[in-house]
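# Close look at the chain arrangement
One-letter residues, chain by chain:
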Amino acid sequence: MRSSGVGGAVILLAAISANAQRPVDPDEFLHLEPVLQRAIATAAPFVVTIETFGGTRRTLGADGPVDGDGPPRPRPAPKAKPEPAPDGEPQPDAPKPDDAPDEKPKPKLPLVPEGFQQTRGRTTGVVLTSDGWILVSRFALNFDPTTVLVVVPGRGTFHAERAGEDTSRGIALVKIDAEGLPVATFVPPDEVRVGQWAFALGRTFAADEPTVHIGIVSAKNRLFGRALQIDAYTSPANYGGAVVDVHGRVLGIAVPLSPSGRNAGVEWYDSGIGFAVTIADIRDLLARMQQGHVLQRGWLGVQLELAHLGPGAKIAGTPKDGAAARAHLRKGDVIVAVDGVEVQNGPHFQMLVSSRLGGDRVTLTVLKKGAGERLTLPPIELLDTPWSEQAQDKSADLPASFPLPEKQEGR
Amino acid sequence: MRALFVVVLLAAALSAQTADFGKAYSFAERRPKTRVEVAIDRVLPSIVKVHGASGLATINAYATGIVVSTRGHILTLDQIMIQKGRTRVVLYDGSVHDALLLPGDAELGVRLLKIDPSEVQGELQPLWPPEPERAAFRTGQFVVSVGNSFRLAEFSEKVSATFGVVVGRANTALRYRMADVDYDGDLILTDACNNPGQFGGGLFTLDGTWIGLNLRLLDSKETNTMLSAAIPTRDLLPYLDEYVLGKRRQQPVVEKTPAWTGVVLFEQAGRQSPPAYVERVRPDSPAAKLGLRPDDLIVRLDDYSVRSCVEFRDVLARFSAGQTIKVTWKRGTRVLDGDLLLAEEPR
């Protein structure tokens, strides 16, 4: 005991003396201020404003699709419970139990997204090519607007034609008729380091000046390799905007992408959890989007048996319209490999397939129920994720929240 | 041995605390190290706590104020809790003073309070507003916001300082649907949060320059998000000049006559106002002279976005006949604009 204390003291002293050799400048962090302003100046020219007009499409609310644009509907008031009188004294304000009309269970009001309701404010976009391809947040198009305008700083307002989108990433492409636009530089995601500075730019409050929120890269490879996680504030005021590094290069595009996908995915706005979809690694997808393709998360259509802890992922059911059902996968089959990669367990299987889009092919190796041999199936083409699947809470699909099997009695 | 060491440390810490707590310590005792500390130390003696009246559970009866003269002038945000005979000011040293109410400025939404300087021990330390060019701000600038968040500071306890950056400038036209702001000019947006009680406090650069007066947390109707904002100090100068220095302001009297463009919009009955498509243009009207035609979509009046027929009327009501505004419209896939001289509607 004693020796360890002495050892600790020695280490402590060593640490102190090391500190003494390298004096800390407490104002050192102020160097960030000019760095930040240079990054803003570099990135500002390719950060543009998006304005939308018209459109009536229903957007996704907490209780499934709701009309995002109706008049504000009443929210259920929290029921105020009268405090029980401390010693049986009748309270003057408390309703008497006899004439209490609230006893009947009220019909549940058919409401209404709790919390956030999308409005038609401006959003932000980023210039992808000098000839007028603009990356925007899918959020900006939630109402399916009839007119989209792009305001390029110093260049004026342009009519934009919508092209394709990637709903799994929450981004879309629009095209304006312009030339010689300043173009964003995108950082490949494998060069991004967790902890590096991330500045989220938007252009919604002033035409001549962007807005900025500062933070760091919190994590990489979020949402199955699609996005960086950042702690700079993101909100409808900067969705679609560029998240840039200290050099003004684009790490990603800020989008609402909370995994449950409810409330248009914005329920985590301003919470210190933001997402920036990486762009440098999806050039091929952008090319498909330029041709007008709508890319969606791929849907294999298997439900997994949670009690099966591996190896492999055991199928608990296959919805009849799914790709898995068409490939004759059945309850009780165990998927043991995806594209040659051995599946360790259910969450691992989720990770292997969730990065895919509709139309992608996967080759599964399965252990059919009752059969002793592994069988490699012909490639299965994933379907687009159906609306009903998107609408439900997807948190259970995430590896991080994969529910553990319940303990059974007697084990 | 070790135990004794801990006791000594504890005692030292306690004595340091009791020495600090409850005593209006003098400013010179502190030795600020970093620029942020220097800035905070420089401005703190000029920040006061404002306590007022409130009969409503939803309204906090506390705010922050800024000393702007040695004669007892204190600037704060005008609000319902500021009431005659019921407003008190707690100075940096913990002393409590009854405050008189000077005329507020309805356009800025601010009000000066006045305390009796003869009741103040020592000298008041006013933060006299800096020169307008010094009070300039820019996006990405580091700032400190100072105010009594959530009434955490009582008596001589010091108000809270929060660090942040200037998020940007909110242009009048691009933010006019924000709720809860009387002021009609540009605002400073910041990520140093304006918690309840912080309003009326100040936003400062790291050299202690006062650049803004904190507003309440704002609800943006544009984006359905909450924002922290401040009125630029330079915009407060005319009001302060008038009531602190006694310089009379020339207030231009603007008479507004309802403006008329000659455009008839395509409006449907329904719960949602459609985009501002032109249905007809009255002959010889300003819109006809500009060349607007049926099926054009009006998207902007000056810098104000017009996303619906209702917004078109809202925005037009901000202007007066005789003014020239820039109109932006979309025809097919082209976006056009031009100046339009607003007229009075002919009888």
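A brief report on the enclosed structure follows. Positions within a chain are numbered from 1, following the residues in the order the chain's sequence is written. Throughout, the order in which chains and ligands are written sets their labels, letters from A for the former and numbers from 1 for the latter. Where totals are concerned, whole chains, interfaces and linings use all residues; where local detail is concerned, this predicted model gives features only for residues with pLDDT of at least 70, and gives and counts side-chain atom pairs only at 80 or more. Side-chain measures were taken over the full set of non-hydrogen atoms in the model, leaving aside hydrogen atoms and water.

## A look at the overall build of chain A
Worth spelling out the cut-off: By definition, any uninterrupted DSSP run of H or I lasting at least four residues is a helix, any uninterrupted run of E lasting at least two residues is a strand, and each is numbered from the N terminus. Remark: exposure states derive from per-residue accessible area (1.4 Å probe, protein chains only) relative to the maximum for the residue type, with buried under 20%, exposed over 50%, and partly exposed in between. We call two residues in contact whenever any of their non-hydrogen atoms come within 4.5 Å of each other. Only the protein chains shown count as cover for residues, and the accessible areas themselves come from Shrake-Rupley with a 1.4 Å probe.
The helix and strand tally for chain A stands at seven helices and 25 strands. Counting the 411 residues in chain A, one finds 47% classified as buried. Excluding contacts between residues fewer than 6 apart, the proportion of contacts in chain A whose partners are at least 24 apart in sequence is 66%. Taken as a whole, chain A presents about 21,000 Å² of accessible surface, with 54% of it coming from carbon and sulfur.

## What to know about the overall build of chain B
What chain B contains, in helices and strands, is five helices and 20 strands. For chain B, buried positions account for 51% of its 347 residues. By sequence separation, contacts in chain B at least 24 residues apart represent 60% of the contacts at least 6 residues apart. Split by element, the accessible area of chain B, about 16,900 Å² in all, is 53% carbon and sulfur.

## Section: the pattern of salt bridges
Residue and element names in this part refer to chain A. What counts is decided by this rule: Salt bridge criterion: a side-chain nitrogen from Lys or Arg within 4 Å of a carboxyl oxygen from Asp or Glu.
Tallied over the entire structure, the rule returns 24 salt bridges over all chains. Among the ionic pairs, Arg 138 bridges to Glu 165, the shortest N-O distance being 2.5 Å. Here Arg 138 is found in the loop between strand 5 (133–137) and strand 6 (147–152), whereas its partner Glu 165 is found in strand 7 (residues 156–166), with 27 residues between them in sequence. In terms of burial, Arg 138 and Glu 165 fall into one category: buried. Sharing partners across several salt bridges, the network here consists of Arg 138, Asp 144, Arg 162 and Glu 165.

## What about the interface of chain A and chain B?
Going by this rule: Accessible-area loss on putting two parts together, using a 1.4 Å probe and summing over both, is the definition of buried area adopted here. Ten residues, namely Ala, Val, Leu, Ile, Met, Phe, Trp, Tyr, Cys and Pro, are considered nonpolar, four, namely Asp, Glu, Lys and Arg, are considered charged, and the remaining ones, Gly among them, are considered polar.
At the junction of the two partners, chain A supplies 50 residues and chain B supplies 45 residues. With both chains or domains summed, chain A and chain B bury close to 3,800 Å², and 56% of this area falls on carbon and sulfur atoms. By the criterion of area lost to chain B, the three top residues of chain A are A:Phe53, A:Arg122 and A:Phe205, representing 18% of everything that side buries. Scanning the region where chain A abuts chain B turns up three salt bridges. With its nearest N and O atoms 2.9 Å apart, the salt bridge here joins B:Arg300 to A:Glu51. When contributions to the side of chain A that touches chain B are tallied by element, the ones reaching two or more residues are helix 2 (32–43), strand 1 (47–53), strand 6, strand 7 and strand 10 (211–221) of chain A. Take the side of chain A that touches chain B: its biggest share by element is five residues, from helix 2 of chain A. Taken together, the residues of the side of chain A that touches chain B sort by class into 21 nonpolar, 18 polar and eleven charged.

## Regarding the sheet that holds strand 11 (residues 227–230) of chain A
Residue and element names in this part refer to chain A. The condition that has to hold: Here, any two strands with at least 2 DSSP bridges between them count as paired. Geometry is summarised by axes, namely lines fitted to C-alpha atoms with helices restricted to the contacting stretch, and by angles between N-to-C directions that run from 0 to 180 degrees.
Sheet architecture is closed into a barrel: six strands sit in the order 9-10-11-14-13-12, paired in antiparallel fashion. Taking each pair of neighbouring strands and ignoring which way they run, the sheet shows an average axis angle of 45°. Where strand 11 meets strand 14 (residues 274–277), four bridges bridge the pair, whose relative direction is antiparallel. Across the sheet, residue Gln 229 finds its bridge partner in strand 14, namely Phe 275. Of the strands in this sheet, strand 9 (197–202), strand 10 and strand 12 (242–244) touch helix 2, which is tilted by about 45° from strand 9.

## Section: the packing of aromatic side chains
The condition that has to hold: Pairing of aromatic rings covers Phe, Tyr and the six-membered ring of Trp, with a centre-to-centre limit of 6.5 Å; geometry is then stacked below 30 degrees between planes, edge-to-face above 60, and tilted otherwise.
By the definition in use, this model includes seven aromatic pairs over all chains. Geometrically, the ring pair formed by A:Phe29 and B:Phe142 is stacked, given 6.2 Å between the ring centres and 10° between the ring planes. Of the two residues, A:Phe29 sits in the loop between helix 1 (2–21) and helix 2 while B:Phe142 sits in strand 8 (residues 142–147), which places them in two different chains. The class of B:Phe142 is buried, set by a relative accessible area of 2%.

## A word on helix 2 of chain A
Spelled out, the test is: A helix is expected to span 1.5 Å for every residue after the first.
A rise of 1.5 Å per residue sets the reference length of helix 2 of chain A, with its twelve residues, at 16 Å; its end C-alpha atoms lie 16 Å apart and thus fit the reference within 8%. Turning to helix 2 of chain A, the residues buried within the fold contact strand 1, strand 9, strand 10 and strand 12 of chain A together with strand 8 and strand 9 (160–170) of chain B.

## Structural notes on a negative patch on the surface
Basically, it comes down to this: By definition, no residue in a patch forms a salt bridge, and every one has over 30% relative accessible area; like charges are joined within 9 Å, nonpolar side chains (Val, Leu, Ile, Met, Phe, Trp, Tyr) within 5 Å. Residues counted as positive are Lys and Arg, residues counted as negative are Asp and Glu, and His and the chain ends are not counted. Charge positions come from single atoms, namely NZ of Lys, CZ of Arg, CG of Asp or CD of Glu.
Together, A:Asp190, A:Glu191, A:Asp281 and A:Asp284 give the surface a local cluster of negative charge. As for its position among the elements, A:Asp281 is in the loop between strand 14 and helix 4 (283–290).

## Quick look at the nonpolar core
Definition in use: Think of a nonpolar core as a cluster: buried Ala, Val, Leu, Ile, Met, Phe, Trp, Tyr and Cys residues, connected wherever their side-chain atoms sit within 4.5 Å.
Grouped together as the largest cluster of nonpolar side chains are 110 residues, with contacts concentrated most on A:Ile134, A:Ile279, B:Leu75 and B:Trp210. Those residues in contact with A:Ile134, other than ones at most four positions away along the chain, are A:Val48, A:Ile50, A:Gly125, A:Val126, A:Val127, A:Leu128, A:Val150, A:Ala172, A:Leu173, A:Val174, A:Ile176 and A:Leu181. Counting residues in each nonpolar core, the second largest holds 24 residues, with B:Val306, B:Val315, B:Val327 and B:Leu342 among its members.

## Examining the sheet that holds strand 17 (residues 297–301) of chain B
Residue and element names in this part refer to chain B. With antiparallel pairing, four strands are arranged side by side in an open sheet as 18-17-19-20. Single-partner strands in this sheet number two, and they are strand 18 (304–305) and strand 20 (334–341). Contacts from helix 5 (residues 309–316) reach strand 17 and strand 18, with the element oriented near 35° to strand 17.

## A word on the pairing of strand 14 of chain A
Residue and element names in this part refer to chain A. Burial along strand 14 is two-sided: Gly 274 and Ala 276 and Phe 275 and Val 277, pointing in opposite directions, are all buried. Across three bridges, the pairing between strand 13 (residues 250–255) and strand 14 is antiparallel. In the strand pairing of strand 14, Ala 254 is matched with Ala 276.

## Digging into unusual backbone geometry
Backbone geometry at A:Asn221 places phi at a positive 55°, although glycine is not the residue there. Tracing the sequence through the fold places A:Asn221 in strand 10. With a phi close to 50°, B:Asp302 is a non-glycine residue in the positive phi region. For B:Asp302, the position within the fold is in the loop between strand 17 and strand 18.

## Considering helix 3 (residues 233–243) of chain B
The set of residues buried in helix 3 of chain B consists of B:Thr233, B:Leu236, B:Leu237, B:Tyr239, B:Leu240 and B:Glu242. The elements touched by buried residues of helix 3 of chain B are strand 3 (73–77), strand 7 (110–114), strand 12 (210–214) and strand 14 (225–232) of chain B.

## Things to note about the environment of A:Asn345
All names here are of chain A. The criterion, for reference: Polar contacts, as used here, are pairs of N or O atoms within 3.5 Å; protein pairs need one atom able to donate a hydrogen and one able to accept it. Residues neighboring in sequence count only if both atoms are side-chain atoms.
Take Asn 345: it is sitting in the loop between strand 20 (341–342) and helix 6 (346–354). The spacing of Asn 345 and Pro 311 is 34 residues in sequence and 5.4 Å in space, taken between C-alpha atoms. Within the structure, Asn 345 has its side chain in polar contact with the backbone nitrogen of His 348 (distance 3.1 Å).

## A closer look at the pairing of strand 12 of chain B
Residues and elements named next belong to chain B. Of all five residues making up strand 12, five are buried, and the element is well covered by its neighbours. Pairing of strand 11 (residues 202–205) with strand 12, which is carried by three bridges, proceeds in the antiparallel orientation. Bridge assignment links Phe 204 to a residue of strand 12, and that residue is Trp 210. In this structure, strand 12 lies alongside strand 14, joined through three bridges in antiparallel fashion. Across the sheet, Gly 212 pairs through a bridge with Pro 232, a residue of strand 14.

## Overview of the environment of A:Gln37
Along the chain, A:Gln37 falls in helix 2. Its relative accessible area of 19% is what places A:Gln37 among the buried residues. Separated by 175 residues in sequence, A:Gln37 and A:Val212 have C-alpha atoms that sit 9.6 Å apart. Once residues within four sequence positions are removed from consideration, A:Gln37 is found in contact with B:Arg138, B:Thr139, B:Gly140 and B:Gln141.

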